[in-house]
Amino acid sequence: MAATAAKMPDQGGTYTFQSKPHEGPPAMKFRDPYQTTNGPALYGNIMYDRRIVRGNTYAQHILPATVQPDPIEVQRQAEARRRILARKRATDQLRPRSAEPVEGRKHIDVQTELYLEEIKDRVEEADVECQTDAFLDRPPTPLFVPAKTGVDNVTQILDGELFDFDIEVKPILEVLVGKTIEQALMEVMEEEELANLRAQQRQFEELRHAELVETQRLEEQERRHCEEKQRRMAQQREVLSIEAETARKIAARAFAQNYLSDLVPSVFGALSENGYFYDPVAKDVEGNFVPWLLSRVKENMGHVLLSRVMVDELIRAVCDKRIPQA
């Protein structure tokens, strides 16, 4: 690189810069495929710019945050989805099904077509792009073709010498006819097999239904037997309880009779001694007549005593009067 010279500004002057003319770096015709850049990618075409949104902007239904969905439209969409699900469920129910698998097994889908195909959950997709870059890649080196050597020979072939349509088409027709007949026979056999499978399925369903009815009958019979057994056991327990109660009552009665045989005379004796059993005449005499008689006697005795006291006082008074006169 050529030397450069710079002059510092003088007092009151301006800054100036001078450089000798020199040749710039050579420009590359093709991009280096082995060149790696650590810096950010410089896009020369807007089709490769990640900030550019591709596609039709009219297909993007972006609603603002303030707009509320129409409830009628939402209800209509929900009804449409519900009808679709109901139609699909009805179709699945009308479709003929195989018998339920036994315990420990499960059904799997098997292809019955003549030509099998691979079933995938996802369809294979491929994206193809074509865009001219800012820097073209170097074209591939052409294949080396050596110079031609030797002598070319030719010959003439007339019509019918190498290919006769009537003769050559015969094996093709035999194959086509044979494959058609074979396919038709296979379809007929498949229809017969499906008919046999349906008939066998119907027989199996009838047999299964009959077994189910018989099982229900046996279960009902067993249930009735169990109920009758429980009822008989309850009756027997009730009879046993009544017998035990009767035995207890009989034993209690015998014990009471044995106990009361000695108790009644002693109780009557004690009650008689305590005056609970009495003669009503004697009680009337003792309770009414004797107290009245005693009260009358006491009253009479009181009168007698009073008369005696009065007589004694009179005698004393008379004696007192006669003593001073003597």
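Here the structure is a predicted model, which is why all the values come from computation and not from measurement.

Cut-off values and rules
- Residues numbered from 1 in each chain as written.
- Predicted model: local features only at pLDDT ≥ 70, side-chain atom pairs only at ≥ 80, totals over all residues.
- Heavy atoms only, no water.
- Helix = DSSP H or I, 4+ residues; strand = E, 2+ residues; numbered from the N terminus.
- Buried < 20%, exposed > 50% of the residue type's maximum accessible area, 1.4 Å probe, protein only.
- Contact = heavy atoms within 4.5 Å.
- Patch = residues over 30% accessible without salt bridge, like charges linked within 9 Å, V, L, I, M, F, W, Y side chains within 5 Å.
- Areas by Shrake-Rupley, 256 points an atom, 1.4 Å probe, with all protein chains shown as cover.
- Salt bridge = Lys/Arg side-chain N within 4 Å of Asp/Glu carboxyl O.
- Lys, Arg positive; Asp, Glu negative; His and termini not counted.
- Charge placed at Lys NZ, Arg CZ, Asp CG, Glu CD.
- Phe/Tyr/Trp six-rings, centres within 6.5 Å; stacked < 30°, edge-to-face > 60°.
- pLDDT = per-residue confidence, 0-100.

**As for the overall build of the chain**
Each helix and strand counted, the chain has three helices and two strands in total. Reading the helices (α) and strands (β) of the chain from amino to carboxyl end gives β-β-α-α-α. Within the chain, the fraction of its 326 residues that count as buried is 1%. At a minimum sequence separation of 6, the contacts of the chain that also span at least 24 residues come to 40%.

**A closer look at a negative patch on the surface**
On the surface, a cluster of negative charge is contributed by Glu113, Glu117, Glu187, Glu190, Glu191, Glu192 and Glu193. With respect to the helices, strands and loops of the structure, Glu117 is situated in the loop between α1 (71-94) and α2 (165-273).

**Remarks on the packing of aromatic side chains**
Applying the stated criterion across every chain, the model contains one aromatic pair. Ring geometry for Phe289 against Trp292: centres 6.1 Å apart, planes inclined by 35°, an arrangement best described as tilted. Here the residue Phe289 and the residue Trp292 both occupy positions in helix α3 (residues 280-325), the gap between them amounting to three residues, near one helical turn.

**Details of the confidence of the model for the chain**
Considering every residue of the chain, the mean pLDDT works out to 79; 80% of them sit at 70 or more. Looking across the chain, the model is least confident in strand β1 (residues 4-7), with a mean pLDDT of 45, and most confident in α2, with 90.

**Things to note about the pattern of salt bridges**
Counting across every chain of the model gives ten salt bridges. One salt bridge connects Glu79 with Arg82, and the closest N-O pair in it is separated by 2.8 Å. Taken as a pair, Glu79 and Arg82 lie in helix α1 at a separation of three residues, close to a single helical turn. For Glu79, a relative accessible area of 33% translates into the label partly exposed. Arg316 serves as the salt-bridge partner of Glu313, at 2.9 Å between the closest nitrogen and oxygen. Highlighted residues: Glu313 and Arg316, both in helix α3, separated by three residues, approximately one helical turn. Members of the salt-bridge network, linked through shared partners, are Glu220, Arg223 and Glu227.

**A short note on a nonpolar patch on the surface**
Judged by side-chain polarity, Val281, Val285, Phe289, Val290, Trp292, Leu293, Leu294, Val297 and Met301 come together as a nonpolar surface patch covering roughly 830 Å² of accessible area. By the secondary structure assignment, Val297 is in helix α3. Overall, Val297 belongs to the partly exposed group, its relative accessible area being 42%.

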